[in-house]
Amino acid sequence: MEQLSLFSATEYKTLRSQKPVMDAEALQQWKSRVFTYQQRIRNTEPPQQVSLFDVPSSHCNPEEINPFKLQLQSMAFYRMPDNYGQSALYFVIDSAAEILLYVGETCQSNKRWKNTHDCKEYIGSYQELHYKYDITTAINIGFWWDAPIDRKPRQALEQKMIQTWRSPFNKEMWELWGQPFKHC
């Protein structure tokens, strides 16, 4: 017995292209634009706040967090045995291109990537395109462990880092960088 449907089979499906969104030259140009912007951030000294009083600095000063100076781990870090989970900011970096791709936050570092995470699919598409054109990538993740335990301050810090570094895989930056790896 055939089941009846209220909608046509294609009416509400997302159309996906089977061909790559960009060629090798466009990929290199895209990466170059991201790199150029992020290099400026890396090489610019943060403004120094002058105060008449000794005010303790916050350990969550976003100007003092440099994702490229964190100890990097393989993206398979979540498969390793880990009995704890901590609040953290995490940074997905293509070390070969020296670009920060994604900024995230979590209250349980040991569980965030074990399940579904949209960024995993995006990274996979990014790597597929690189493999297709024989371009080297080295996708790693770094954790900043001093993130606030409370969710709202941690998310505010994450947003500050996204806005500062303009990490292209974060949805807040798709309008700026596009979504070339969404449907590769």
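Q: Describe the overall build of the protein, listing the residues and the values that go with them.
A: The helix and strand inventory of the protein stands at 4 helices and 4 strands. Secondary structure elements in the protein, listed N-terminal to C-terminal, are α-β-β-β-α-β-α-α. A separation threshold of at least 6 residues defines the contact pool for the protein, and within that pool the share at least 24 residues apart is 74%. Accessible surface, the protein: about 12300 Å² in total, of which carbon and sulfur atoms supply 50%.

Q: Quick one: what's the story with the packing of helix 1 (residues 24-43) against helix 3 (residues 151-165), residue by residue and with numbers?
A: Between helix 1 and helix 3, the least distance of the axes is 9 Å, while the angle of their chain directions is 115°. By the angle between their axes, helix 1 is roughly perpendicular relative to helix 3. For the pair helix 1 and helix 3, contact is made by Tyr37, Gln38, Ile41 and Arg42 and by Gln163, Thr164 and Trp165, respectively. Here the residues of the contact of helix 1 with helix 3 are counted per class, giving 3 nonpolar, 3 polar and 1 charged.

Q: With reference to specific residues and values, describe helix 2 (residues 118-132).
A: Spanning 15 residues, helix 2 covers 22 Å between terminal C-alpha atoms, matching the ideal 21 Å at 1.5 Å per step. At its buried positions, helix 2 is contacted by helix 1, strand 2 (88-94), strand 3 (99-106), strand 4 (139-144) and helix 4 (174-177).

Q: Could you give me a rundown of the confidence of the model for the protein, with the residues and numbers involved?
A: In this model, the protein carries an average pLDDT of 80, and 70% of its residues clear a pLDDT of 70 or more. The least confident element of the protein, judged by mean pLDDT, is strand 1 (residues 72-74) at 84; the most confident is helix 1 at 96. Ignoring residues within four places in sequence, the model shows residues 3-17, a span with pLDDT below 50, making 5 contacts including any to other chains.

Q: Could you give an account of the packing of aromatic side chains, naming the residues involved and the relevant values?
A: Applying the stated criterion across every chain, the model contains 11 aromatic pairs. Aromatic pair tyrosine 126 and phenylalanine 169: ring centres 5.5 Å apart, planes at 80°, arrangement edge-to-face. With tyrosine 126 in helix 2 and phenylalanine 169 in the loop between helix 3 and helix 4, this residue pair connects regions lying 43 residues apart in the sequence. The residues tyrosine 126 and phenylalanine 169 share a single accessibility class, namely buried. Between phenylalanine 143 and tryptophan 145, the ring centres sit 4.9 Å apart and the planes meet at 15°, which makes this aromatic pair stacked. Take phenylalanine 143: its relative accessible area is 7%, and that puts it in the buried class. What links up through ring pairs into an aromatic cluster is the set Trp30, Tyr122, Tyr126, Phe169, Trp174 and Phe181.

Q: Help me get a handle on the packing of helix 1 against helix 2, residues and values and all.
A: The interhelical angle for the contact between helix 1 and helix 2, taken along N-to-C directions, is 130°, at an axis separation of 10 Å. As the angle between them shows, helix 1 and helix 2 are arranged oblique. The handedness of the crossing between helix 1 and helix 2 comes out as left-handed. The segment helix 1 lies against helix 2, with Leu27, Trp30 and Lys31 engaging Tyr126, Leu129 and His130. Looking at the contact of helix 1 with helix 2, its residues break down into 4 nonpolar, 1 polar and 1 charged.

Cut-offs applied
Residues numbered from 1 in each chain as written. Predicted model: local features only at pLDDT ≥ 70, side-chain atom pairs only at ≥ 80, totals over all residues. Heavy atoms only, no water. Helix = DSSP H or I, 4+ residues; strand = E, 2+ residues; numbered from the N terminus. Contact = heavy atoms within 4.5 Å. Areas by Shrake-Rupley, 256 points an atom, 1.4 Å probe, with all protein chains shown as cover. Axes fitted to C-alpha atoms, helices over the stretch in contact; angles between N-to-C directions. Parallel < 35°, antiparallel > 145°, perpendicular 65-115°, else oblique. Nonpolar A, V, L, I, M, F, W, Y, C, P; charged D, E, K, R; others polar. Expected span 1.5 Å × (residues − 1). pLDDT = per-residue confidence, 0-100. Phe/Tyr/Trp six-rings, centres within 6.5 Å; stacked < 30°, edge-to-face > 60°. Buried < 20%, exposed > 50% of the residue type's maximum accessible area, 1.4 Å probe, protein only. Left-handed = near helix turned anticlockwise from the far one by under 90°.

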